[in-house]
Amino acid sequence: MRIENQLAPKTHGDFWAALRLPARETNLYELVHHGLSFELLDQLACLVQMSRADLSHAISVSPRALARRAKAGRFSTAESDRLVALIAVFEEALSLFEGDFTATRKWMDSPVRGLGPKKSLDMLGTRVEANALLDLIGRLERGVLV
């Protein structure tokens, strides 16, 4: 018997709504530029059932910087951009695994064929890496060999 995350979005596209974020609209761009709320990291950790430490490492925020962001209450523009990239990648991976959070987390935290020895979570430090991940997920969805 599989127990699903009760906070999990029920349909594709609800992922952003579950985090109370606009999906790729002008409002999102303004939020990123201003700096996303630190609280979003905890909401995301709860939603995807991963630790805050793993998620902050994925977006290249050191423990010391994370403590400063917690105190300030928000991320920098660059950190917010990487956090949005993480959300976008996780949403697409979740779609690839047909809403299976367990399979998605495992895929995100394991070396992935097509990325060499890197894990998906290790590919979110730059927009170029995140785009490569999104491209890989798209190829996998279309059945293109990697």
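Values in this document were obtained by computation on a predicted structure and should not be read as measured data. (Residues numbered from 1 in each chain as written. Predicted model: local features only at pLDDT ≥ 70, side-chain atom pairs only at ≥ 80, totals over all residues. Heavy atoms only, no water.)

## With respect to the environment of A130
Checked against the element boundaries, A130 lands in helix α8 (residues 127-142). Assessed through its relative accessible area of 1%, A130 is described here as buried. Separated by 41 residues in sequence, A130 and V89 have C-alpha atoms that sit 7.0 Å apart. Every residue in contact with A130, bar those within four places of it in the chain, is listed here: A85, V89, M123 and L124. (Helix = DSSP H or I, 4+ residues; strand = E, 2+ residues; numbered from the N terminus. Buried < 20%, exposed > 50% of the residue type's maximum accessible area, 1.4 Å probe, protein only. Contact = heavy atoms within 4.5 Å.)

## Some points on unusual backbone geometry
Positive phi is not limited to glycine here, since S60 has a value of about 60°. A positive phi is found at E98, a non-glycine position, where the angle reads about 50°. Here E98 is to be found in the loop between α6 (77-96) and α7 (101-108). A relative accessible area of 75% means that E98 is categorised as exposed.

## Some thoughts on the nonpolar core
Counting residues in hydrophobic clusters, the biggest one holds 44 residues, and the most contacted among them are F15, L44, L83, L86, I87, M108 and L124. At the level of secondary structure, the elements contributing two or more residues to this core comprise α1 (14-18), α2 (26-34), α3 (39-48), α4 (52-58), α5 (63-72), α6, α7 and α8. Setting aside residues up to four positions removed in sequence, L44 forms contacts with F15, L19, Q49, L55, L83, L86 and I87. (Core = buried A, V, L, I, M, F, W, Y, C linked by side-chain atoms within 4.5 Å.)

## Notes on the packing of α6 against α7
Here α6 crosses α7 at 125°, and the two axes come no closer than 9 Å. With respect to α7, the axis of α6 lies oblique. In this structure, the crossing between α6 and α7 has a hand that is right-handed. Contact residues: L86, V89, F90, A93 and L94 in α6; F101, T104, R105, W107 and M108 in α7. (Axes fitted to C-alpha atoms, helices over the stretch in contact; angles between N-to-C directions. Parallel < 35°, antiparallel > 145°, perpendicular 65-115°, else oblique. Left-handed = near helix turned anticlockwise from the far one by under 90°.)

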